[in-house]
Each structure stands twice: as structure tokens, then as C-alpha cells.
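Structure assessment
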Amino acid sequence: MNKAEKLDAAIGCIDERYLELADITGREITRMKNDTAVFSRRKAVRIALLAAVAAVLLTVGAYAAGSGGAGKWTGYDAKNYGRLPTAAQCVRDAGYIPVLTESFANGYGYSGGSMRVHQAYDAEDTLTEKTRGFDFTYEKDGDKVFFAQSVSFSDGVVMNGSIAATVSGLDIYYHSAVYKTVPESYVLTAQDIADRDSGRVVFSYDSDKGADMSETVVNAAQWRKGDRFFLLLQLDGALTKDELVGMACEAARLLAERAA
């Protein structure tokens, strides 16, 4: 399976309840396209992947958006960067400076990115807040690491996973899960249910009668500083836990150095 197929499979593996939390639905994506066309969720790979996985990892059950009721969030790419943007560009585009690095010590180099507009809605589906974040991609020998940086809508967002390192007072959390798609007729076994309830496996059903079971491993390192959240993740990636956490530590040090 090539990289494009892996990304496509990952979207199919995302549990529908997390897609709902991220508001990545056919209706929403169509609305984002000015209601002019039906836009396949599988074609919105980058948007859906980062948004939905962030919903899982940050355990976004609901944002206390404005009214205090259950809310939701979504986002869209507002500007693309073929080259790593400068600090001045970032301030102009989003109002703050993210972690900016051309490459990491392990050789993963910048290969593209975007500035994303994130939107929060209250229980009545009324837009209550907009913030802007950055999604950067780093690549080495065809292996990609996604680096998402955003502003939180709520102090109540709690990161999933366990603390794997602490850098400059910032706790780095690591989380790993298997995203598994199964045929619609598949009946979960007792082990499947235990894996699902523990969060180790996220299940999604495929309505295609000829569909086979497939799995995608998502590994992520994440941390926060004030109202800012940072997420490094891989799909079926080459990096070990220590290597991915090491990249997160490197980025966290850059953040701390800039603040010093």
C-alpha cells in the first residue's frame, strides 16, 4: 500500500463519532464549498485526518463554546505555504508565531504546510469563535510527519495518552492507537470490544460488501503551552515512540528558547 492509499485508508478507519466531533461530514464540507458540489470526505484527506485525529487525541467531547453548552469545531485551509513561512508572515496571517524549523535533527525536512482557520460552534450551531492555526508537513525518504499547531477554544480540553518526557516545564504526551476498518457485517469479538473500550483500537464500518479488514497505526506526541496546542503525528510511520517524542522535545525546546 502506497502513502496515498494509507492516508485514504486512515480516513475510512476513523470512527464516525470522532468525525462528528470534528464536524468533518459531507454536509459540512459541502457547505465549506459554498454548497456548489458534493465533496467526498475521502478527497479531503489532509483536513479530515488532522481534524479527526486531533479530536481523538485531545478527547474533544465538546467545547464550551460561548454559551457553555456542547459545541463542535471545524476548520479549513486558508493559505498554503510551499516554503516554510517567516515569522513576519505568520504574524500577518494568524497573529502569532508558531514553532518554525526547516528541519529536525533526525533529518525530517519541511515539505509543505498551510494556515488553517478553526471555527467553534455552540449547541445551536451558531459560530462563536474563530482562531487560526498552522499545519506543517516534514518528510524524510518519503516518510511524513504532520505537525499541527493551534489555539485552544476551551481550557477544558484534556490531552490523551501518557507523559513521555518533560522539556522546559512542558509535558510531552504520547499516544498510539490502531484505526481499524471492518466490513459492515463484522461482529466485534470480546477482544475487539475490550480494545475499543480501552482506546487502543478505533473501529469503523465499511458498507462495501467486498471490503476487507484493514488497519492503520496512528502515533502522536503532543503538548500544550497556555492556550496553544502542538501535535506531531504519523500514520504507519517509520519513527519509534522515542524518535517521535524526540522530535516533540526538539520543537518544545525551540518554543521555550523563543519565549526566553
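Scroll up for the structure.
I will try to describe carefully the structure that is included in this document. (Residues numbered from 1 in each chain as written. Predicted model: local features only at pLDDT ≥ 70, side-chain atom pairs only at ≥ 80, totals over all residues. Heavy atoms only, no water.)

Let us now look at the overall build of the protein. Tallying secondary structure elements over the protein gives seven helices and nine strands in all. Long-range pairs, those at least 24 residues apart, make up 67% of the contacts in the protein between residues at least 6 apart in sequence. When the accessible surface of the protein is totalled, it reaches about 12,100 Å², and 49% of it is carbon and sulfur. (Helix = DSSP H or I, 4+ residues; strand = E, 2+ residues; numbered from the N terminus. Contact = heavy atoms within 4.5 Å. Areas by Shrake-Rupley, 256 points an atom, 1.4 Å probe, with all protein chains shown as cover.)

In this section: the packing of aromatic side chains. Across all of its chains, the model carries nine aromatic pairs by this definition. Considering the side-chain rings of Tyr-96 and Phe-134, the 5.5 Å spacing of their centres and the 80° angle between planes classify their relative orientation as edge-to-face. Of this pair, Tyr-96 sits in the loop between helix H5 (87-94) and strand E2 (109-121) while Phe-134 sits in strand E3 (residues 127-140), and the two are 38 residues apart along the sequence. Classification of Tyr-96 by relative accessible area gives buried; the value is 14%. For Phe-134, a relative accessible area of 0% translates into the label buried. Summarising the aromatic geometry, the rings of Phe-147 and Trp-223 are spaced 6.1 Å apart at their centres and angled 35° between planes, so their arrangement reads as tilted. Of the two residues, Phe-147 is situated in strand E4 (residues 143-151) and Trp-223 in strand E8 (residues 214-225); the sequence distance between them amounts to 76 residues. By relative accessible area, which is 0% here, Trp-223 ends up buried. (Phe/Tyr/Trp six-rings, centres within 6.5 Å; stacked < 30°, edge-to-face > 60°. Buried < 20%, exposed > 50% of the residue type's maximum accessible area, 1.4 Å probe, protein only.)

What follows is about the pattern of salt bridges. Scanning the entire structure with this criterion turns up six salt bridges. Its salt-bridge partner being Asp-77, residue Arg-116 comes within 3.0 Å of it at the nearest N-O pair. Taken together, the positions of Arg-116 in strand E2 and Asp-77 in strand E1 (residues 72-81) put the pair 39 residues apart, joining distant regions of the chain. A salt bridge links Lys-180 to Glu-215; the nearest nitrogen and oxygen atoms lie 3.8 Å apart. Remark: Glu-215 occurs in strand E8 and Lys-180 occurs in strand E6 (residues 170-183); sequence separation between them is 35 residues. Judged by relative accessible area, Lys-180 falls into the buried class, the value being 12%. Look at the salt bridges and you will find they share partners, linking Asp-77, Arg-116 and Asp-135 into a network. (Salt bridge = Lys/Arg side-chain N within 4 Å of Asp/Glu carboxyl O.)

Let us now look at the environment of Val-167. When you line up the elements, Val-167 lands in strand E5 (residues 162-167). Taking the C-alpha atoms as reference points, Val-167 and Ala-251, separated by 84 residues in sequence, lie 9.7 Å from one another.

Bringing the nonpolar core into the picture now. Of all hydrophobic cores here, the largest spans 35 residues; its most connected members are Phe-134, Phe-136, Tyr-138, Phe-147, Ile-172, Trp-223 and Leu-232. Counting residues per element, this core draws most heavily on helix H7 (residues 241-259), which supplies eight residues. Ala-177, Val-218, Ala-220 and Leu-231 belong to the second-largest nonpolar core, a separate cluster that totals 10 residues. (Core = buried A, V, L, I, M, F, W, Y, C linked by side-chain atoms within 4.5 Å.)

This part is about the environment of Ser-103. Checked against the element boundaries, Ser-103 lands in the loop between H5 and E2. When the C-alpha positions of Ser-103 and Glu-139 are compared, they lie 9.0 Å apart, and in sequence the two are 36 residues distant. The contacts of Ser-103, once residues within four sequence positions are left out, are Tyr-108, Gly-109, Tyr-138 and Glu-250.

This part is about the pairing of E4. The buried fraction of E4 amounts to seven of the nine residues, a majority that puts the element mostly inside the structure. Bridge count for E3 against E4 is seven bridges, and the pairing is antiparallel. Bridge assignment links Asp-135 to a residue of E4, and that residue is Ala-148. Counting the residues in the hairpin turn of E3 and E4 gives two residues, including Asp-141, whose phi is positive at 50°. (Pairing = 2+ DSSP bridges.)

Relative to the helices and strands, Tyr-138 resides in strand E3. Remark: the alpha-carbon pair of Tyr-138 and Phe-104, spanning 34 residues in sequence, is separated by 8.5 Å. A polar side-chain atom of Tyr-138 sits 2.6 Å from the main-chain carbonyl oxygen of Thr-101. (Polar contact = N/O pair within 3.5 Å; in protein donor to acceptor, adjacent residues only side chain to side chain.)

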